[in-house]
Every structure is written in C-alpha cells, then in structure tokens.
Amino acid sequence: MIHHVLRRLALGLVTLFLISFLVYGLIRSIPGTPLTVAVAQTDPSRRLNPADLERMKAAYGLDKPWYQAYFIWLSNVARGDLGRSISRKAPVTQLIGERIGPTLALSAGSMLLTWALSIPLGLYAAARSGRPDERAVSLGLYMLYSVPTFVAALALQVVFSVWAEGTAWELPLFGMTSGLPHTTSLGWLADVARHAILPLVCMTYVSLAWYTRFINTNLQEVLRQDYIRTARAKGAGPIRVLVHHAFRNTLIPLVTMLGLSLPALLGGSVIIEQIFTWPGMGRLFFESLRERDYPTIMGLTLLFSLLTLAGQLLADLLYAWVDPRVSME
Amino acid sequence: MTGGQPTADNRRAATPSPRGFWGEAWARFQRMPLAMAGLVFVGLMAVVALLAPAIAGTKPIVCRYKGQIYFPCLAYYGRSLEPVVFSQDKFRGEYPRNLREKDPESWAVWPLVFQDPYRAVRPDEWPGRPGNPARDQGRPGRLNLMGTNQNGVDVFAKMVHGTLVALLVGFVSMGIAATIGVTVGSLAGYFGGWVDAVISRITEVVMCIPTLVLILALLAIVEKPTIWKMMAVLGLTGWPGISRLMRAELLRLRSAEFVTAARAVGASPGRIILRHLLPNALAPVMVPITFGIAAAILTESGLSFLGFGQPPPSASWGSLLNDARSNLKMWWLVFFPGAAIFLTVLAFNLVGEGLQKATDPRLREARK
C-alpha cells in the first residue's frame, strides 16, 4: 500500500515536471510579453522605449531563453516561491489567495446542491424505472446535460437581468457584490448570495444531470444482482431494498467521483466566471493568459495539475478503502 | 468486446439470415427511436450545411451573364471559386443590380433567402427592399427570419452557413483526434513495456494540462486563428481519452487466442493490429468519438463565444453568442444559435449513446 502510494507520488512528480516544462515553453512562445501586451492595451503612445524595455526584461528575467528561465522558476518553486505577477505587481500566492474564496464559494455550493439533489433524484429514477414519469424526468435531465453552460448563462441573463428588469425577479448581471457599502455583514452576505444565484445555477445543472444519470445507471446494475433478489425474497420492503441493500453498494463508484471532482472544486470554471465576472480562479487564469503574465499562469497551471493528479490518487485510495475487494498491490 | 465475432457466429448458426456484427448493431440501433432521431437530425444538418449557399446568400446559384453560365454561389465554399469575370466587371458582391445593368439579357436563379452571412444587405440591393436594420432594431421578421445582429448581418444566413462550420469542426477535428488516439493507443496496448510507459506518460501529461491553456496557447502561437487552424488545435488536444480506451482494449485483446493464432502463422505486428485487433476494438472506440464530435462543436462555439475564434466576419454559431454578450436585449442572438448548438450536441449525444447500447455486449446480455 505505502509502496504503491510512494510509486504514484514519484511518477506524479515526473508528470508535474513534464507538464510545467511544456506549458512554460508554450506560453513563452505565444507572441507578446507581459511588458508589451499590457502597455499596448492601455496606451500606444506610452510604449516603452527600447532601452527601458531591455532593462525591465532583465529585471523580470525575460531576457533569458525560456528553458533557462524555466529552471530558474523551477528552483524558486522548489524553495516555495511562486514568484511575483508581472502585470499585477503582487506575489502569485497572494493573488491565488484572494481568488480562492470566491471560487470555493461557487464550487462548494454547487457541489453540495448537486449531491443533495442528485441522490434523491437518482433513487427516484431507479425506483420508478421505465414508468412514464421516470422517462420524462430522465429525458429532461438528459436534455439539460446537452445545454452548453455559456448558452444557459446567456439565456438566464436575458431572462433575469433584462426581461425581469424592475420586477422582484431581477437578478444582478455580473460581479460578486453591487459595490455599495454595506452596514452589516449580513447585508453583505445577502448581496453576495443574490449575485451567486445565476452562476450557481449554471454550475449545478450539468453536474446534477450527470450525477443523477450516474447514480441511476449504477443502481440499475446493482438491482440485477442476486443479493437484491435474496433481499426481496426474504421480505424486505421496496424502499429498504433500494436504500439499504442497493444504494449502499453504489457508493463505491460515487466515492471515486468525489476524488475526481477535486480539481473542479478549486479550479473554478473559466467560462462561468468570465461571463458573470466572478472574481475567482478561472477568471484569474483567463486574465493572466491574456496579459501573458507568466508567473501567474505557471502558478495556476501547477496548482491545477497538482489537484488533478492528487484527485486521481485520492480516488484510487478511496476506492481501495471503501471496497475491501480492491487491493493496491 | 469479448468477441463481436464469436457472438455473430453463434447467431449465424441459429438464424437463417446471417448478419455481421455491424449489421446486428445497426438493426439494434434502428430500434431506438431517440438515437434514430439524433441520426436523422445530423443528416438534416449535413444537407443544410452542403446546400447553405443555395438556402441563404446574395450570390445567384446559377446565372447567365454575357452569354455564359456561371455558379457564383460557389464562392461561399471558397473565395477562389468565384468566377473572375464578376470581379473584372466590378460587381463588388452586389449581383442583382449589376447583372441587370451590365447585361440586360442576363438571368439568374437566386438562393431561397436573399441575405448574406458576412455583411448587411444594403437598401435597394434587391430592388424595392429596405436594407437590414442595425443595432438593436433587427427583430426577427419577414425579411430577417431570425433577426439581425448589431451590424445588421442576417442571423438566419449566419445560422445556415454556420452549420457547415459546426459540422466541419466536429468531424475534421475529431478525425484528427481519432487518428492520433487510435494509433498511439494501439501501439501502447499492443507492445506494452517501455513503449507503453512512454506513451502513457505523454497521454497523462496532455490530459493534465488545463485544456484551455493548451488550446489558447496553440491558437495564440498560430496567430490569426482560422477555422482550419482551430480544427487542427482541437484535434491535437482531443486524443488522450481515445488513446487510453484503445490501449485498454488492446491490452485485453492481445492475449486472446485469435491473436496467438495469427502470430503463430507468422503475421507481422502491423498486420495483427490492423487486420485482427482494430476491427475488434473499433466498436467501443466509436462511442467516445461520437461524443467527441459534440464536444468539439461545443468547444469551438465556446472559444468563439469568448472571442478566441476566427476573427470577424465569421459564420460560427459561437460568434453570434459573442455578439449577444454585449447586446443582451437582442434575445434572438441568444435563442437561435443557443438552440442550434444545444440540438446538435443533443443529437450527437443521442447517437453516441445509441451506438453504445447497440454495440456493447454486456448491455445486450443484461437486457435479456
């Protein structure tokens, strides 16, 4: 077991190294540097003169070829220093720290909602399998699953921000707060909650549809097992069979899903945060990519890849932990 | 697929009309109304995509000009296909008036809807018809079936021509991804050992890099992202899932008896993979490929929506949604492209699921 984990960790380090090396090379070959892009966007007349540009390049270490700069970055990371953002003039760790809260608020909220709704829905769908009402619900969820998030987000904006303008149903178009000063923290919380409704709905509906289907499919498979027939034969009621005998046995794949959803929890959703201008990790990533802010992109890439790998490992470990039949050897 | 072939062979013994594995699968597929509906929808899309210049356009489908027959509508498939005579005679894209003035004897067969996907129709361009309304005035109406965008470009024309873009993106990029994925995956699965170790590591790296970084970085490197470069980028980033599945299939199949038999009669690895293993592993791989087409269409429209697509004028559905972002009052800019993307993705998902049910032997047994 420990041997396996150590092996995975070592392999993970190799993968992380390869990913960061590749991404560093990729982003350095995008035309434009943080210095030229940012200045050109604000004001073309304020463009740096060549001497200043060279001086600033040297200050940020951009004068070296990318593979050299990569190893400088890597040795800093090994010492726990993610560097400073070039376009925002702040440490990368601080930027990430500022953005992680809003992202977590959305993703954790969405995940809780998904679990709270999809488990009962999945059980319901399995219990009423094949009946017209279950068919309708399942088809509805299936169709929901095919709605692209950006289409849903735009449609919700049109309905709740433009059509409902001036009514009680009006919801804020974007941002996390309305920017007005709040006297109480409760008022602030209510303001954030109002802003969070639309992004939260957009983040939840796809995973809701997906998880419900997943739970339902697993339940269908378990319900065909012999021990379910045994449970029915000895007189257990339909609800007891479904929850106690069947559902408990579908928890194994569900637990794996929990591990795999780790990166989504902290990574945020670029598109949703971008549409609703939610100040989260996804938006930070998008902005830093546009500003060619190498240190921030690298910090975020490292974080995302680390989470993905950790999520996979966590899923495997959880799998072995909940299912005694699975061994790690 | 522990042998699509053995199953088919058993059936062959029992039933009078022998059908191959794919024949069986097709018969099962036809019994699923939703999957068939998806397939029919994709077929309809293909028809619309191919006939787009004849459905909506400002160039005649066929015309007779100065004694010659021309097909100016072909220009929508590629700029170079526009007959040179029209640029020599300074038509500047306005056919109705120029045809009449420069050759009174001329005649033309026009597209069903006289609207252009790349520019607004000007007043009196078609005799007696007003120009397209710009800004937020272009509600859906008789002349603009689905309204116009803020620049006065007809949404219906964009939708029709965007169908071709969507289908091309889906099939071409997934074609690239499938080719890479199947090749790489079968090499890893068949040879195992260090080949597998190297390939698996590469696959893992590509999977772990945030897709958006990969796509945006590649798109930025190629600069001026045309729709073709977009397809290449989507293809180059979309293969790891297929590769992993292919590897798993071959790992399972390579120790099967028919492979040992093939090896025993002296077949080369290339022949074993191509002739013996691939046909048996194809069915499970077809499913993620179908889903992948939907995902590619989705990604392309998402990128165009974020403003990373082909620079305007482009006919991508996503670019209409991008217009809608700053013009939320124009609901038709959300509704029509949104519905089109939704239905397309739904159709491909239904086909993919039908394919899965029709080809997966485990599900087949379970239903009995």
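The structure presented is a predicted model; accordingly, all values stated were derived computationally and were not measured.

**Q** Please provide a residue-by-residue account of the overall build of chain A, values included.
**A** When you go through chain A residue by residue, the secondary structure sums to 14 helices and zero strands. Secondary structure elements of chain A occur, N-terminal to C-terminal, as α-α-α-α-α-α-α-α-α-α-α-α-α-α. Seen through its principal axes, chain A has C-alpha atoms that stretch 85 × 60 × 35 Å. Counting only contacts in chain A whose residues sit at least 6 apart along the sequence, the fraction spanning at least 24 positions is 70%.

**Q** An account of the packing of helix α8 (residues 211-222) of chain B against helix α9 (residues 227-237) of chain B is needed here, citing residue identities and associated values.
**A** Residues and elements named next belong to chain B. For the pair α8 and α9, interaxial distance at closest approach is 10 Å and the crossing angle is 145°. In terms of crossing hand, the pair formed by α8 and α9 is right-handed. In this structure, α8 uses T211, L214, I215, L218, L219 and V222 to contact α9, whose residues at the interface are K229, M230, V233, L236 and T237. The residue makeup of the contact of α8 with α9, split by class, is eight nonpolar, two polar and one charged.

**Q** Go over the interface of chain B and chain A with me, naming the residues and quoting the values.
**A** Contact residues are listed per partner, giving 30 residues for chain B and 32 residues for chain A. Of all the elements in the fold, those that place two or more residues in the side of chain B that touches chain A are α7 (193-208), α8, α12 (269-306), α13 (317-325) and α14 (332-359) of chain B. Considering each element in turn, the side of chain B that touches chain A owes the most residues, seven residues, to α14(B). Residue composition of the side of chain B that touches chain A, grouped by class: 23 nonpolar, three polar and four charged.

**Q** Before we move on, can you summarise the packing of helix α6 (residues 155-191) of chain B against helix α10 (residues 240-253) of chain B with the specific residues and values?
**A** Residues and elements named next belong to chain B. Between α6 and α10, the shortest axis-to-axis distance is 7 Å and the interhelical angle comes to 35°. As for how α6 packs across α10, the hand of that crossing is right-handed. Contacts between α6 and α10 pair A177, A178, G181, V182, V184, G185, S186, A188, G189 and Y190 from the former with I242, S243, R244, L245, M246, R247, A248, E249, L250 and L251 from the latter. Class assignment for the residues of the contact of α6 with α10 results in 12 nonpolar, five polar and three charged.

**Q** Describe the nonpolar core, and please don't skip the residues or the numbers.
**A** Residues I242(B) and L321(B) are the most contacted members of the largest nonpolar core, which totals 139 residues. In terms of residues, this core owes the most to one element, α6(B), which gives 18 residues.

**Q** Mind laying out the sheet that holds strand β2 (residues 68-70) of chain B, listing which residues take part and the relevant values?
**A** Residues and elements named next belong to chain B. Ordered in space as β2-β1-β3, the three strands form an open sheet in which the pairing is antiparallel. One side of each edge strand has no neighbouring strand; the edge strands of this open sheet are β2 and β3 (107-109). Neighbouring strand axes in the sheet, compared pairwise and without regard to direction, differ in orientation by 15° on average. Of the strand pairs in this sheet, strand β1 (residues 62-65) and β3 are connected by three bridges, and their pairing is antiparallel. Across the sheet, R64 pairs through a bridge with W107, a residue of β3.

Parameters and conventions
Residues numbered from 1 in each chain as written. Chains lettered and ligands numbered in written order. Predicted model: local features only at pLDDT ≥ 70, side-chain atom pairs only at ≥ 80, totals over all residues. Helix = DSSP H or I, 4+ residues; strand = E, 2+ residues; numbered from the N terminus. Contact = placed C-beta atoms within 7 Å. Axes fitted to C-alpha atoms, helices over the stretch in contact; angles between N-to-C directions. Left-handed = near helix turned anticlockwise from the far one by under 90°. Nonpolar A, V, L, I, M, F, W, Y, C, P; charged D, E, K, R; others polar. Core = buried A, V, L, I, M, F, W, Y, C linked by C-beta atoms within 7 Å. Buried ≥ 20, exposed ≤ 12 C-beta atoms within 10 Å, placed from the backbone. Pairing = 2+ DSSP bridges.

Geometric descriptors of this kind do not, in isolation, establish any biological role.
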